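So the chains spell out like this:
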Amino acid sequence: MYFQYTKVAMVLVCTVLVGIATAQRPSNTSICDYYTETILGENTAANQKLLMVLLLHTTVLGNYTTPNVGIAVHGIATSGNFDGVEVNLLKYFTGEVASTNDGKTPHGVAINLLDDGGAAPLLKNMSSNGNTTSIQYNLFNHIEQYFATLLGCSKQGSSPELLTYQGRASMYQVHRYMDLSAAEMGFFIQQATLAIASLGFDPADVSYVNATLHTVFNYRCSPAQTLAPASAGPQLQACCTGPTCPLHPNATCAAYPDDGVAVPPAVVGNTTGGGGGNASVSRSAGAPTSTPSSLGVAVGAGGGAWVWGVLAAVVGIAVFAAGV
């Protein structure tokens with residue numbers, strides 16, 4: 001049963017994100033190739049990279065640039081509400097909580113992940129101010145590479161403008177110490193889905209991407225799957241690990257550390273350095289106990305603590321999908 005499910009899931013990812021045809025998109029043309037040409041005019045490596053940038057930065061900032069077909073995107077840069085639950089991703093990325101997996105410490109650590117420009121370069125369609133050794137530069141480039149792989153960008157790896165994916169293969173390991181809730185993951189997926197819709201993706205392709213993000217990343221204890229890079233083989237991919245997250249129907253909790261039971265990151269206060277423990281903190285009251293809807297709330301133009309929210313989102317989107 002496990003082998004059969006894993007095989008089906010792998011086929012689902014490849015088929016949904018790359019091969020399924022819509023009324024507009026030919027069956028032999030990937031999502032990335034098709035929309036790079038239809039939106040940006042020519043299917044080149046540079047334009048494929050730009051399409052990934054527009055997708056990611058719209059998810060972060062909301063509607064900040066063209067193209068925009070008139071669909072409002074709130075963006076994860078400011079706090080929002082998902083299925084009646086207030087969501088604010090800022091705490092994970094300012095060092096307020098020890099939620100970063102540095103790959104060597106046996107618990108989350110508090111690290112400043114915005115070390116090369118913060119929000120300003122995003123508004124210019126840049127990943128950072130250009131320091132190629134910075135955490136921010138590598139985070140954003142990794143997430144662009146990751147989605148380029150999932151969306152089937154045929155020019156990836158043929159040019160230094162769009163390299164093959166260089167980040168971690170297990171999205172579970174990226175998010176292991178964040179203890180993400182159903183509302184937090186639902187809010188992120190919602191905004192990513194609205195972002196691609198706002199760029200002019202066909203509704204059928206928008207639905208496929210939305211469904212796949214939920215299927216692959218939004219179930220607790222999901223079986224290992226092969227994503228990016230394919231050479232890494234099956235990896236744990238669950239990003240939603242908190243108690244409000246829906247349990248996968250073919251759950252393999254024993255394959256996860258601590259049987260898939262997540263520990264809330266310790267509150268350590270604002271910091272720009274490493275450190276932080278793994279002590280438990282109280283979970284938010286009023287968290288939903290059911291699976292969140294995919295597009296559950298109205299989306300506005302944003303507001304509130306915009307600058308700090310953008311700083312959180314710069315890292316948030318990178319951590320959600322790429323890893324250091």
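Residues numbered from 1 in each chain as written. Predicted model: local features only at pLDDT ≥ 70, side-chain atom pairs only at ≥ 80, totals over all residues. Heavy atoms only, no water.

Scanning the protein chain for helices and strands turns up eight helices and two strands. Across the protein chain, helices and strands are ordered from the amino to the carboxyl terminus as α-α-α-β-β-α-α-α-α-α. Within the protein chain, the proportion of its 324 residues that are buried is 53%. Partitioning the contacts of the protein chain with sequence separation of at least 6, the portion at a separation of at least 24 is 68%. (Helix = DSSP H or I, 4+ residues; strand = E, 2+ residues; numbered from the N terminus. Buried < 20%, exposed > 50% of the residue type's maximum accessible area, 1.4 Å probe, protein only. Contact = heavy atoms within 4.5 Å.)

Taken as a whole and judged by the stated rule, the model has five aromatic pairs. The interplanar angle of 5 degrees and the centroid separation of 4.0 Å between the aromatic rings of Tyr 35 and Phe 201 together place this pair among those described as stacked. Note that Tyr 35 is positioned in helix H2 (residues 31-40) and Phe 201 in the loop between helix H6 (182-198) and helix H7 (203-217), a separation of 166 residues in sequence. Side by side, Tyr 35 and Phe 201 carry an identical accessibility label, which is buried. An aromatic cluster is present here, built from Tyr 34, Tyr 35 and Phe 201 joined pairwise through their rings. (Phe/Tyr/Trp six-rings, centres within 6.5 Å; stacked < 30°, edge-to-face > 60°.)

Its 15 residues give H7 an end-to-end C-alpha distance of 21 Å, which sits within 8% of 21 Å, the value for a rise of 1.5 Å per residue. Residues of H7 that are buried: Asp 205, Val 206, Val 209, Asn 210, Thr 212, Leu 213, His 214, Val 216 and Phe 217. Two or three places before Ala 204, at the opening of H7, Asp 202 has a side-chain oxygen 3.0 Å from that residue's backbone nitrogen. (Expected span 1.5 Å × (residues − 1). Polar contact = N/O pair within 3.5 Å; in protein donor to acceptor, adjacent residues only side chain to side chain.)

Here we take up the state of the cysteines. Applying the stated criterion across every chain yields a total of three disulfides. Across the disulfide, Cys 240 is cross-linked to Cys 245 (sulfur-sulfur distance 2.0 Å). Handedness here is read from the sign of the S-S torsion; for Cys 240 and Cys 245, about -85 degrees, the answer is left-handed. Each of the two residues, Cys 240 as well as Cys 245, counts as buried. (Disulfide = S-S within 2.5 Å.)

Let us look at the side chain of Asn 218. Looking at where Asn 218 falls in the secondary structure, it is placed in the loop between H7 and helix H8 (306-321). The class of Asn 218 is buried, set by a relative accessible area of 2%.

Ranked by internal contacts, the top residues of the largest apolar core, which has 55 residues, are Met 52, Tyr 146, Phe 201 and Phe 217. At the level of secondary structure, the elements contributing two or more residues to this core comprise H2, helix H3 (45-61), strand E2 (85-87), helix H4 (135-150), helix H5 (171-175), H6 and H7. The biggest single contributor to this core is H6, with eight residues. Apart from the residues within four sequence positions on either side, Met 52 is in contact with Cys 32, Glu 144, Phe 147, Ala 148, Leu 151 and Cys 153. Within the second largest apolar cluster, five residues are counted, among which are Tyr 172, Ala 224, Leu 236 and Ala 238. (Core = buried A, V, L, I, M, F, W, Y, C linked by side-chain atoms within 4.5 Å.)

Under the defined criterion, the tally for this structure stands at two salt bridges. Asp 205 is the salt-bridge partner of Arg 25, the closest N and O atoms lying 2.8 Å from each other. Taken as a pair, Arg 25 in the loop between helix H1 (2-19) and H2 and Asp 205 in helix H7 lie far apart in primary sequence, 180 residues in all. Asp 205 shares its class with Arg 25; the two are buried. Between Lys 49 and Glu 144 there is a salt bridge, with its nearest N and O atoms 2.5 Å apart. Placement of Lys 49 in helix H3 and of Glu 144 in helix H4 is noted, with a sequence separation of 95 residues between them. (Salt bridge = Lys/Arg side-chain N within 4 Å of Asp/Glu carboxyl O.)

In this model, the protein chain carries an average pLDDT of 78, and 76% of its residues clear a pLDDT of 70 or more. H8 is the least confidently modelled element of the protein chain, averaging 34 in pLDDT, while H2 averages 97, the highest of any element. In this model residues 1-21 is a low-confidence stretch, pLDDT under 50, and it forms 44 contacts with partners more than four residues away in sequence or in other chains. Below pLDDT 50 for its whole length, residues 271-324 participates in 155 contacts with residues either more than four positions away or in separate chains. (pLDDT = per-residue confidence, 0-100.)

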